[in-house]
Amino acid sequence: MLEAIAVSKSFEGRPVLQNVNLAVTGTVAIMAPSGSGKTTLLRILLGLLAPDAGEVRTGGARIGAVFQEDRLIEHMTALQNLALVAGKASRAQLKEHLALLGLEAEAEKRVSAFSGGMRRRVAIARAIVYGPDVLLLDEPFTGLDEEMRARTAQYILAHMRGRDMAVVTHDREEARLLGAQKIFTLTDTVLLS
């Protein structure tokens, strides 16, 4: 389990997060207005940013992430981007991940030539093949049409079954697609039935 305990963070004297407590168990959606600290919270959970107060406990979990920006290696192919984090997975296994996301024909193409939606799917596949215990997703469906959002959500759910996820989104439908049981608003938690 990934947990934030009494986490606070300010930038230039302006509080962004104040005494935030969050346990990522099952699937949690983090929803709040723009500029309210959602991405800052994810960066703190990932250890990329230190909180001013409080702590993060990972329990030794392997944490994967899909950031708002895709963070792909531009001169590499889709397959090579996946291979960077895939451990002992074979080329055939990696190609299968791309095929599940409709990218089988693009596996050997450089991602610099991809559309935004294609790049997004490669970033998601890369996070999945990393094999995380906990997956953090920041606006994961940016650039995807409705059909591809549903297909990508099913891919994520199939590969993260039994593991924990937190998804930052502005869209309750995206939270639903990913099976969120709770919505965390940075001030309150709402249980979904």
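Residues numbered from 1 in each chain as written. Predicted model: local features only at pLDDT ≥ 70, side-chain atom pairs only at ≥ 80, totals over all residues. Heavy atoms only, no water.

### Structural notes on the environment of threonine 142
Moving on, step 1. Position of threonine 142 among the secondary structure elements: in the loop between strand 6 (134-138) and helix 5 (146-159).
Moving on, step 2. When the C-alpha atoms of threonine 142 and histidine 75 are compared, they prove to be 22 Å apart, with 67 residues separating the residues in sequence.
Moving on, step 3. In this structure the side chain of threonine 142 is engaged in a polar contact, spanning 3.0 Å, whose partner is the backbone oxygen of glutamate 139. (Helix = DSSP H or I, 4+ residues; strand = E, 2+ residues; numbered from the N terminus. Polar contact = N/O pair within 3.5 Å; in protein donor to acceptor, adjacent residues only side chain to side chain.)

### Some details on the sheet that holds strand 1 (residues 2-11)
Moving on, step 1. One open sheet holds the three strands; their spatial order is 2-1-4, and the pairing between them is antiparallel. A single partner strand is all that each edge strand has here, and the edge strands are strand 2 (14-24) and strand 4 (53-57). Adjacent strand axes in the sheet meet at a mean angle of 20° when their direction is disregarded.
Moving on, step 2. Pairing analysis gives four bridges linking strand 1 to strand 4, with the strands arranged antiparallel. Bridged to serine 8 within strand 4 is alanine 53. (Pairing = 2+ DSSP bridges. Axes fitted to C-alpha atoms, helices over the stretch in contact; angles between N-to-C directions.)

### Section: the pattern of salt bridges
Moving on, step 1. Applying the stated criterion across every chain yields a total of 12 salt bridges.
Moving on, step 2. Between aspartate 52 and lysine 9 there is a salt bridge whose closest N-O contact spans 3.4 Å. Note that aspartate 52 is positioned in the loop between helix 1 (38-45) and strand 4 and lysine 9 in strand 1, a separation of 43 residues in sequence.
Moving on, step 3. Of the residues examined, aspartate 52 reaches a relative accessible area of 49% and is grouped as partly exposed.
Moving on, step 4. For lysine 9, a relative accessible area of 10% gives the class buried.
Moving on, step 5. The partner of glutamate 74 in a salt bridge is arginine 119, with the nearest N and O atoms 2.6 Å apart. (Salt bridge = Lys/Arg side-chain N within 4 Å of Asp/Glu carboxyl O. Buried < 20%, exposed > 50% of the residue type's maximum accessible area, 1.4 Å probe, protein only.)

### Comments concerning the packing of helix 4 (residues 116-129) against helix 5
Moving on, step 1. Interaxial distance between helix 4 and helix 5 falls to 11 Å at its minimum, and their mutual angle equals 5°. One element, helix 4, and the other, helix 5, form an angle in the roughly parallel class. Between helix 4, through Arg121, Ile124, Ala125 and Ile128, and helix 5, the contact on the second element is made entirely by Met148, Thr152, Tyr155, Ile156 and His159.
Moving on, step 2. Classifying every residue of the contact of helix 4 with helix 5 gives six nonpolar, two polar and one charged. (Parallel < 35°, antiparallel > 145°, perpendicular 65-115°, else oblique. Contact = heavy atoms within 4.5 Å. Nonpolar A, V, L, I, M, F, W, Y, C, P; charged D, E, K, R; others polar.)

Read these as geometric descriptors, not functional statements.
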